Amino acid sequence: MAYETLKQEIIEYSKQIGIDKIGFASVDEFSELKSRLKLQQESGFQSGFEKGTIEERTQPVRLMPEAQSIIAIALAYPSRMKNPPKSVKGDRRGVFARASWGKDYHHVLRDKLEKLGKFLEAKLDGFEYKPMVDTGELSDRAVAERAGIGFSGKNCAIITPEFGSYVYLGEMITNVPFPPDQPISEEEGCGECTKCIDSCPTGALVEGGRLNSQKCLAFLTQTKGFLPDEYRGKIGNHLYGFDTCQVVCPKNKNVDFHNHPEFEPDPELVKPRLMPLLTISNKEFKAKFGYMAGSWRGKKPLQRNAILALAHYKEESAVDQLIELMEKDPRPVIRGTAAWAIGKIGTKEGFAAIERVRQKEKDEDVLKEMEKGLQFQPV
């Protein structure tokens, strides 16, 4: 009974510090998740960003031997911005997915979890906890589902009744046996709807609730090498992340919450001009984009994606700058992607520049990209 009373006090306190949803879960093994993770591994569907072994990801007591319960939290983020700038010919823009708008959510949620921890430390002698936000071993989605935060959608996102899937998730393992909450009933789920699966441009959603991360554009925008050929025409103007599978979800219709000033987007940053991004310095990049979640991989993937976006638009005004990158940038991925994009845009001066520059290019991968660029040349 004492733990039930304390649980209610935590719920009340969570509202005071701006947590939109909170739930409590047991520390039992996530056996269904364990089976899914093994299948993902065997199928080669993992992203490579996962932390820990399958056992550590599904058995909370491996991470904290004295674990007794898990507290899960969710914070809603906006799905729309005010006065978004337009991308027009001669002044093209890219876009960051909604989950990277505003301040890096890892910091915001970790701060909320630390406040919860301090609150409980003042109430309980010997209280211990282990907080995690996205980069921990546990699956945020599996914990949130067990804690009744939302149900696991076919788009592989947790969908809450109040905020749709536009929520950030975090959790903390505790050494207190809080009474667990009930998961949301299956009747609240996706039903027969397959809009996310049907709208996935790469077929990454191989079936409801199962993702091949290697084909997911949200993952691919974060890679640092050459983007595989088959995805270059599908990335559009996305610089970081890809959220079509959320946008088309009926559960997200008219969902747009602005509960946290930290998550409000700066339109000029979440829809940045592409051309200035190509030559931004490391110092400028960190000063401008460093506080966003989408900056965690550095500027190189975003610059590569910006080049692909200019090719997507066939932006002829970018050709001179792309030629300069192809000729002078020290990074093979940028030189090669620029060469491919020049060919895709398809101007005479661009093809001539590829022919000229490839005479002195030494990198084999870049030379291959130049060949691909030249293949766009009309016969």
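Since this is a predicted model, take the numbers as computed values, not measurements.

**Some thoughts on the UniProt feature "binding site: [4Fe-4S] cluster 1" (unreviewed entry) in the chain**
In the numbering used here, UniProt assigns the feature "binding site: [4Fe-4S] cluster 1" (unreviewed entry) to C190, C193, C196 and C249. Despite a sequence span of 60 residues, these residues sit close together in the fold, their greatest C-alpha distance being 10.3 Å. Looking at C190, the relative accessible area reads 22%, which means it is partly exposed. Apart from the residues within four sequence positions on either side, C190 is in contact with F151, G153, K154 and I159.

**Thoughts on the UniProt feature "binding site: [4Fe-4S] cluster 2" (unreviewed entry) in the chain**
Per the UniProt record, the feature "binding site: [4Fe-4S] cluster 2" (unreviewed entry) sits at C200, C216 and C245. The named residues occupy 46 residues along the chain; their greatest pairwise C-alpha distance, 10.5 Å, places them in one compact cluster. Note that C216 resides in the loop between β9 (210-211) and α8 (217-220). If sequence neighbours within four positions are ignored, C216 has contacts with T202, A204 and L211. Within the secondary structure, C245 sits in helix α10 (residues 244-247). Of the residues examined, C245 reaches a relative accessible area of 23% and is grouped as partly exposed. Dropping the residues within four chain positions of it, C245 is found in contact with N155, C196 and L205.

**Thoughts on the state of the cysteines**
Note: disulfide means a covalent bond formed between the sulfur atoms of two cysteine side chains. Considering all chains together, one arrives at 0 disulfides under this definition. C156 carries a free sulfur, and the closest cysteine sulfur to it, the one in C196, is 7.8 Å from it. Here C249 stays free of any disulfide, with the sulfur of C190 as its closest cysteine sulfur at 6.2 Å. The class for C249 is buried, based on a relative accessible area of 10%.

**Observations regarding the packing of aromatic side chains**
Here the structure, examined in full by the defined rule, presents 13 aromatic pairs. With a centroid separation of 5.9 Å and 20° between ring planes, the pair formed by F96 and F289 is classed as stacked. You can see F96 sitting in strand β3 (residues 95-96) and its partner F289 sitting in helix α13 (residues 282-289), a full 193 residues away along the chain. We note that F96, like F289, is buried. What links up through ring pairs into an aromatic cluster is the set Y77, Y105, Y166, Y168 and F263. Lying across the ring of F30, R146 places its NZ or CZ 3.7 Å from the centre.

**Some thoughts on the nonpolar core**
Core analysis: the biggest nonpolar cluster contains 55 residues, and F96, F289, I307, L322 and M326 have the highest contact counts within it. Counting 30 residues, the second-largest nonpolar core is a separate cluster that includes I11, F24, V133 and A293.

**Overview of the packing of helix α14 (residues 299-313) against helix α16 (residues 332-345)**
Taken N-terminus to C-terminus, the directions of α14 and α16 make an angle of 10°; their axes are 8 Å apart at the nearest point. Our classification of the angle between α14 and α16 gives roughly parallel. Contact residues: α14 offers K300, Q303, R304, I307, L308, L310 and A311, while α16 offers V333, I334, T337, A338, W340, A341, K344 and I345. Of the residues that constitute the contact of α14 with α16, the class distribution is 10 nonpolar, 2 polar and 3 charged.

**Some thoughts on the pattern of salt bridges**
Inspection of every chain in the model, using the stated rule, returns 23 salt bridges. For R335, the salt bridge identified is with E361, shortest N-O distance 2.9 Å. Taken together, the residues R335 in helix α16 and E361 in the loop between α17 (348-357) and α18 (364-374) connect sequence positions 26 residues apart. In terms of burial, R335 and E361 fall into one category: buried. The closest approach of N and O atoms between E371 and R358, which form a salt bridge, is 2.2 Å. You can see E371 sitting in helix α18 and its partner R358 sitting in the loop between α17 and α18, a full 13 residues away along the chain. Classification of R358 by relative accessible area gives partly exposed; the value is 24%.

The rules behind the values
- The numbering scheme is per chain: residues are counted from 1 as the chain's sequence reads.
- A pLDDT threshold of at least 70 governs which residues receive local features in this predicted model, and a stricter bar of 80 or more applies before side-chain atom pairs are shown or counted, although totals over entire chains, interfaces and linings include all residues.
- Only hydrogens and water are set aside when side-chain values are computed; all heavy atoms of the structure are taken into account.
- UniProt positions are given in the numbering used here, feature names are shortened, and annotations may be inferred rather than shown by experiment.
- Remark: exposure states derive from per-residue accessible area (1.4 Å probe, protein chains only) relative to the maximum for the residue type, with buried under 20%, exposed over 50%, and partly exposed in between.
- Only heavy atoms enter the contact rule, under which two residues are in contact if any of them lie within 4.5 Å.
- Here a strand is any run of E in DSSP of at least two residues, a helix any run of H or I of at least four, and the numbering for each starts at the N terminus.
- The term disulfide is used for any two cysteine sulfur atoms that are within 2.5 Å.
- The criterion for an aromatic pair is that two Phe, Tyr or Trp rings (for Trp, the six-membered ring) have centres within 6.5 Å, with stacked assigned to planes under 30 degrees apart, edge-to-face to planes over 60 apart and tilted to the rest.
- A ring is scored as having a charge over it whenever the NZ atom of a lysine or the CZ atom of an arginine sits within 6 Å of its centre and within 35 degrees of its normal.
- Within this scheme, the nonpolar core is defined by two criteria: the residues are buried Ala, Val, Leu, Ile, Met, Phe, Trp, Tyr or Cys, and they are joined through side-chain atoms within 4.5 Å.
- In this analysis, axes come from line fits to C-alpha atoms, helices being fitted only over the stretch in contact, and the angle between any two N-to-C directions falls in the range 0 to 180 degrees.
- In what follows, roughly perpendicular refers to angles from 65 to 115 degrees, roughly parallel to angles under 35, roughly antiparallel to angles over 145, and oblique to any angle outside these ranges.
- Three residue categories are used. Nonpolar comprises Ala, Val, Leu, Ile, Met, Phe, Trp, Tyr, Cys and Pro, charged comprises Asp, Glu, Lys and Arg, and polar comprises the others, including Gly.
- By definition, a salt bridge exists where a carboxyl oxygen of Asp or Glu is found within 4 Å of a side-chain nitrogen of Lys or Arg.

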